[in-house]
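A structural walkthrough
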Amino acid sequence: VACATVGVQYCALLSRCGRHRDALREAFGALREVESVWDVLVVADVERRSMQESGSLPRAADLPCAAVLRAPPPWLQRAVTSQVQARHCVAVEVEFLANSRDER
């Protein structure tokens with residue numbers, strides 16, 4: 001999550017300096033980074049459900065992940081924020097590059 005946050009900030013800096021192609025690459029990198037966090041969480045949830053269905057785990061309300069949903073850790077909010085910001089950066093840079101191409 002920290003890498004994605006830094007990537008978003010670096011994208012903004014590059015954009016401000018007029019390096020929009022580099023900013024777009026950085027925005028995509030930040031987006032990939034934060035989406036990899038979600039990928040890990042989804043795989044873990046699939047494995048948890050499979051184990052629960054096979055009877056290897058107690059009921060869902062007793063699992064630590066249920067507690068996480070009731071009281072999310074701070075990094076989860078940062079992950080959501082970073083993902084939204086990275087997607088916004090991608091959109092802004094794509095729009096800028098498309099508009100600059102249209103002006104030619």
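Now for a description of the structure that goes with this document. Remember, it's a predicted structure, so these values are computed and weren't measured experimentally.

**Details of the pattern of salt bridges**
Oppositely charged side chains can form a pair if their charged atoms are brought close together. Taken as a whole, this structure holds 3 salt bridges when the rule is applied. Across the salt bridge formed by Arg19 and Asp22, the nearest N and O atoms sit 2.9 Å from each other. Relative accessible area serves as the criterion here: at 42%, Arg19 is assigned to the partly exposed category. A salt bridge links Asp22 to Arg25, with the nearest nitrogen and oxygen atoms 2.4 Å apart.

**A word on the packing of helix α1 (residues 2-16) against helix α4 (residues 74-102)**
Interaxial distance between α1 and α4 falls to 9 Å at its minimum, and their mutual angle equals 25°. By the angle between their axes, α1 is roughly parallel relative to α4. Between α1 and α4 the crossing geometry is left-handed. Every residue of α4 that contacts α1 at Ala4, Thr5, Val8, Cys11 and Ser15 is listed here: Ser82, Gln85, Ala86, Cys89 and Glu93. For the contact of α1 with α4, the per-class residue count stands at 5 nonpolar, 4 polar and 1 charged.

**Notes on α1**
A rise of 1.5 Å per residue sets the reference length of α1, with its 15 residues, at 21 Å; its end C-alpha atoms lie 21 Å apart and thus fit the reference within 8%. Where α1 is concerned, the buried positions are Ala4, Gly7, Val8, Cys11, Leu14 and Ser15. The buried residues of α1 occupy an angular sector of 130° when projected down its axis, which confines them to one face. Residues of α1 that are exposed and point over 90 degrees away from its buried face: Ala2, Val6, Gln9 and Arg16.

Cut-offs and rules
- Residues numbered from 1 in each chain as written.
- Predicted model: local features only at pLDDT ≥ 70, side-chain atom pairs only at ≥ 80, totals over all residues.
- Heavy atoms only, no water.
- Salt bridge = Lys/Arg side-chain N within 4 Å of Asp/Glu carboxyl O.
- Buried < 20%, exposed > 50% of the residue type's maximum accessible area, 1.4 Å probe, protein only.
- Axes fitted to C-alpha atoms, helices over the stretch in contact; angles between N-to-C directions.
- Helix = DSSP H or I, 4+ residues; strand = E, 2+ residues; numbered from the N terminus.
- Parallel < 35°, antiparallel > 145°, perpendicular 65-115°, else oblique.
- Left-handed = near helix turned anticlockwise from the far one by under 90°.
- Contact = heavy atoms within 4.5 Å.
- Nonpolar A, V, L, I, M, F, W, Y, C, P; charged D, E, K, R; others polar.
- Expected span 1.5 Å × (residues − 1).
- Arc of directions from axis to C-beta.

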